[in-house]
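# Structural features, examined
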Amino acid sequence: MIAKKKNNRVQDLFTDQIKDVETCLIQFESFLLATTTKGTAFETMQALSGAVAQAEATADESLRRMIDSLAGTSLLPSTREELIEIATSCDRIANKCEHAANMIVFQRFRFPESYAQDVMKIVSITREQFAILKKSVLQLFMNFSELLKDHKILDDIRAQESQVDVIEQNLYKQIFQLDMGLAERTQIAKMVEYLCDISDIIENIADKIQIMLITRKA
Amino acid sequence: MAIYLLLAAGLFMGWSLGTNDAANAFGTAVATRVVKYRTAVTIIAVLILAGAFLQGSGNIDKLAELATSNKVMAGQGEIDAALQDSSLMETLRLKSALKAFIIFACAGLTVFIMSYLKFPVSANQSITGAIIGWGLFHANYSDPEVLAENLPQIGKFASTWILNPLGAGIISFLLVFLFNRFLADRITTLHSYDKFVKIGYLASGAFASYSIGVNSSASVTALYYDANGANLLTNARLTAVIGGIAIAVGVLTFSKRVMMTVGSSIAEISQTDGFLVIIAMAITVLLMEKLMHIPVSTSQAVVGAVIGAGLTKGVKKVNFGVFKRIAIAWVSSPTVAGLLTYLVALATQAYFK
C-alpha cells in the first residue's frame, strides 16, 4: 500500500515537472513573440524574460522533488536512473529557454523582421513536439506496452525535429548572405541555434524513451 | 579424528562449486542490480542448505555406484569382510576416505587450474571425470566385464551433456513463448513491470538455489559416504548437508566476482527472459535429478536455456558462439580431471593395490 502510494507520487511529480517545463516553454514563446514584434518595449522584454526565469526555477524545484521521491519506490535502480536521465533532459529544455531569453535581453538583441515568421514557426513546432513528448511520458508510466507496440508517437517527434532542421538550415543560409558584419551575422545564427537546440533535446528524450522500451521488450 | 581432515578436499570442491554456481542463480539479477548482492547470497545460502537437507541425498547412491565400479569406494565384498573383522574396517575406512580425497583434490585442482587459465569449467563434470580417471587405472577397463559394467553408467553421464542443455532449451523456449503469448501484454505500467521483474528474479533465484542444493550438495561429499561404516560418513542426509554447507560457504565468501562476470555476459537477453531462463535451468536440473538420479552441470543447463529463449525470436537472434565455449568445458573438464587422477593413481598404486 505504502509502496503503491510512493509509486503514484513519483508519477505525479514527474508529470508536474513536465508541466512546469511546458509552462517555461510557453513563457519563452510569449517572450519571443514580443522580441519579434516591432515596437515592443525593452522593459516588457525584461519582464517576460523574468517570467521565463521564474518558470525555470519552478521546473528545477519540481525536478528535485521528483528525484527525492524515487527513494523507497518499488522501481528498479536502472529504471530510476533512466527516469532521472529523462527528467534532467527535460530540465535542460527549461535551462535552454532561460539562457536564450537572458542572452537576448543582455545583448538587447532583436531578430530581423524578415525572420520573425520562421523563428515563431520553430518555437511553435517545438511546442507541438513537447506536447507529444508529454503524452508519451505519461504513457510510459500508464501503459508502456502500448507505446512499445505503436511508437508512431516517438516517430512524430523525430519528424518534427527534421522540420525544425530544414528551417534552421535555410535560416543559416540567409543569415550568412546578409549584408552586415560577421559578428552580427554570427550573433543572429547563435540565437537561431539556441532555439533549435530545444528541438534536438526533445528528440534525444524521445530516443531515451525508445531505448527504455526496447530494453523492456520481451 | 585426524581422518576427518580428509574431508577437506570435498569441502574445497563444494566451496569452489559455490563460488561458481551462485552466478547461475542470481548472476543476472545482481549484475543488473535488480537484487542486492547481500540479499542474493543470503537467499542462495539458505535455499542451498534447504535443498541439501530435504532432497540432497537423493543421488548419493548413483554417484556411489559409479565410484564403486571404478574402485574409488569399497565394493560389497570388502565391506562384508570388514563387517566380520573390525580391524579391517578401520583400514577400509582410511583407504576409502583417502581415495575420495584424491578424487576431489584432482577435480578441485582441475577447476582451479582451468579457472585460472580462464577456461570454462564444470565442477560436476570434473568429479565424474576424476572418478573415471581413477577407474581407468584401477578398474581395468580392458576387461570386457568391467567395461560392460561401466559403459552404461558412463553413457548415462555422457547423455546428460545432450539431455541437460536440450531439456533446458526446450523448457526455456516454452516458458518464454508462453510468457510472450499470454502475459507480456498484461504488464502495462512501468511500476508493475519493475515489480514483476523483481519478484521474478527473487523467485527464480530462490528456486535455482534450491535446485543447486538438491543437485550438487551430495556430489561434493558422496564419495565420503558409506551406510555400513566403510567410509567417513554414514548418514546420507548429513553427507548432503555437509556438502550444502561447503557450497553455501563458497557462495557467502567468494561469489561476487563470478556473479558479476557471468551476470553481465548473460544480461544481453531481456530482463523477463533472464529470470525465465533461470527457472528453466532449475526445472531441468531437478528433472534430471528425479529422472536420472545424476548431478548435472547447472552451467550447461543455463546455456541451453539462454539459447532456447533466443530461439523464440528466431534462429538468427541466437548467438551460437556460446556453444563453443561450453563445449570446451564439457570435453576439457572431465578429460583434464580424468588424466590428473590417472596420474595420481599411477603414483599411489603401491598403497592402494
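Residues numbered from 1 in each chain as written. Chains lettered and ligands numbered in written order. Predicted model: local features only at pLDDT ≥ 70, side-chain atom pairs only at ≥ 80, totals over all residues.

## What about the overall build of chain B?
Where we set the bar: Each helix corresponds to a stretch of at least 4 residues labelled H or I by DSSP, and each strand to a stretch of at least 2 residues labelled E; elements are numbered beginning at the N terminus. We compute the radius of gyration from the C-alpha atoms alone; for a globule the expected value is 2.2 Å times N to the 0.38, where N is the number of residues. Every C-beta atom is placed from the backbone, and the number of other C-beta atoms within 10 Å of a residue's own sets its class: buried at 20 or more, exposed at 12 or fewer, partly exposed in between. A pair of residues counts as a contact when their C-beta atoms, built from backbone coordinates, are separated by no more than 7 Å.
Along its length, chain B carries 14 helices and 0 strands. Listed N to C, the secondary structure of chain B is α-α-α-α-α-α-α-α-α-α-α-α-α-α in terms of helices and strands. Radius of gyration (C-alpha) of chain B: 21 Å, near the 20 Å computed for a compact globule of 353 residues. Dimensions of chain B, computed from the C-alpha atoms along their principal axes, are close to 75 × 40 × 35 Å. Within the span of chain B, comprising 353 residues, buried residues form 56% of the whole. Partitioning the contacts of chain B with sequence separation of at least 6, the portion at a separation of at least 24 is 85%.

## Structural notes on the overall build of chain A
The helix and strand inventory of chain A stands at 7 helices and 0 strands. In chain A, the succession of α and β elements from N to C terminus is α-α-α-α-α-α-α. In terms of C-alpha radius of gyration, chain A reaches 19 Å, essentially the compact-globule figure of 17 Å for 218 residues. The C-alpha extent of chain A, read off along each of the three principal axes, is 65 × 35 × 20 Å. Here chain A holds 218 residues, and 37% of them are scored as buried. A fraction of 84% describes how many contacts in chain A between residues 6 or more apart in sequence connect residues 24 or more apart.

## A word on helix α4 (residues 116–142) of chain A
Worth spelling out the cut-off: Every helix has an expected span of 1.5 Å times one less than the residues it contains.
Between its first and last C-alpha atoms α4 of chain A spans 39 Å; for 27 residues at 1.5 Å apiece the expected length is 39 Å, and the two agree. Considered for burial, the residues of α4 of chain A that qualify are Val119, Ile122, Val123, Thr126, Gln129, Phe130, Leu133, Ser136, Val137, Gln139 and Leu140 of chain A.

## Details of the packing of helix α1 (residues 8–31) of chain B against helix α2 (residues 37–55) of chain B
Residues and elements named next belong to chain B. Rules: Structural elements are reduced to axes, namely lines fitted to C-alpha atoms, with helices fitted over the stretch in contact, and the angle between N-to-C directions of any two is expressed from 0 to 180 degrees. Note on terminology: angles under 35 degrees are roughly parallel, angles over 145 are roughly antiparallel, angles of 65 to 115 are roughly perpendicular, and the others are oblique. By the definition used in this description, the sense in which the near helix is turned from the far one sets the handedness, with an anticlockwise turn below a right angle giving left-handed and a clockwise turn giving right-handed.
Look at α1 against α2: their axes get within 10 Å of each other, and the N-to-C directions meet at 155 degrees. Taken together, the axes of α1 and α2 are roughly antiparallel relative to one another. Two packed elements cross with a definite hand, and for α1 against α2 that hand is right-handed. Judged by residue contacts, Ala22, Ala25, Phe26, Ala29 and Val30 of α1 engage Tyr37, Ala40, Val41 and Ile44 from α2.

## Brief notes about the confidence of the model for chain B
Residue and element names in this part refer to chain B. Here is the rule: Each residue carries a pLDDT score, the predictor's own confidence in it, on a scale running from 0 to 100.
In the predicted model, chain B carries a mean pLDDT of 88, and the fraction of residues at 70 or more is 96%. Taking the mean pLDDT of every element in chain B, the minimum, 68, falls on helix α10 (residues 256–266) and the maximum, 95, on α2. In the predicted complex, the global pTM is 0.84; the interface-specific ipTM is 0.81.

## Remarks on the environment of Ala23 of chain B
Residues and elements named next belong to chain B. Mapping Ala23 onto the fold places it in helix α1. A count of 28 C-beta atoms within 10 Å places Ala23 in the buried class. Sequence separation of Ala23 and Gly250 is 227 residues, and the distance between their C-alpha atoms is 11 Å.

## Remarks on unusual backbone geometry
Although it is not a glycine, Arg108 of chain A adopts a positive phi angle of roughly 50 degrees. Phi is positive for Asn140 of chain B, close to 55 degrees, though the residue is something other than glycine. Mapped onto the elements of the fold, Asn140 of chain B is located in the loop between α6 (123–138) and α7 (144–183).

## Concerning the interface of chain A and chain B
Rule in force here: Under the grouping applied here, Gly and all other residues not named as nonpolar or charged are polar, the nonpolar ones being Ala, Val, Leu, Ile, Met, Phe, Trp, Tyr, Cys and Pro and the charged ones Asp, Glu, Lys and Arg.
Across the boundary between the two partners, chain A contributes 16 residues, which contact 21 residues of chain B. Counting only elements with at least two residues in the side of chain A that touches chain B, the list comes to α3 (77–106), α4 and α5 (144–149) of chain A. In terms of residue class, the side of chain A that touches chain B is made up of 8 nonpolar, 6 polar and 2 charged.

## Topic: the packing of helix α11 (residues 271–292) of chain B against helix α12 (residues 298–311) of chain B
Between two packed helices, both the angle of their axes relative to each other and the distance between the axes serve to describe the pair. Residues and elements named next belong to chain B. Interhelical geometry of α11 versus α12 gives an angle of 130 degrees and a closest axis separation of 8 Å. Relative to α12, the element α11 is oriented oblique. For the element pair α11 and α12, the recorded crossing hand is right-handed. From α11, Asp273, Leu276, Val277, Ala280, Met281, Thr284 and Val285 reach across to α12, where they touch Thr298, Ala301, Val302, Ala305, Val306, Gly308 and Ala309. Taken together, the residues of the contact of α11 with α12 sort by class into 10 nonpolar, 3 polar and 1 charged.

## Notes on the environment of Glu29 of chain A
All names here are of chain A. The residue Glu29 is located in helix α1 (residues 2–36) in this model. Under the C-beta neighbour-count criterion, Glu29 is labelled partly exposed, with 17 such atoms within 10 Å. With 17 residues separating them in the primary sequence, Glu29 and Asp12 have C-alpha atoms 26 Å apart. Sequence-distant contacts of Glu29, that is, excluding residues within four places in its chain, are made with Val123 and Arg127.

## Describing the nonpolar core
Operational definition: By definition, a nonpolar core groups buried Ala, Val, Leu, Ile, Met, Phe, Trp, Tyr and Cys residues that are joined through C-beta atoms within 7 Å.
Among the nonpolar cores identified, the biggest contains 171 residues, and Cys97 of chain A together with Ile44, Ile48, Ile103, Ala280 and Met281 of chain B are the most heavily contacted of them. Take this core: its biggest share by element is 13 residues, from α1 of chain B.

## Regarding the confidence of the model for chain A
Of the residues in chain A, 98% reach a pLDDT of 70 or more, and the chain-wide mean stands at 91. Between the elements of chain A, mean pLDDT differs from a low of 80, seen in α5 of chain A, to a high of 96, seen in helix α2 (residues 42–69) of chain A.

## Side note on the environment of Ala329 of chain B
Residue and element names in this part refer to chain B. Structurally, Ala329 can be placed in helix α13 (residues 321–347). By the C-beta count within 10 Å, which is 20 here, Ala329 ends up buried. Along the primary structure Ala329 and Gln300 are separated by 29 residues, whereas in three dimensions their C-alpha atoms are 9.1 Å apart.

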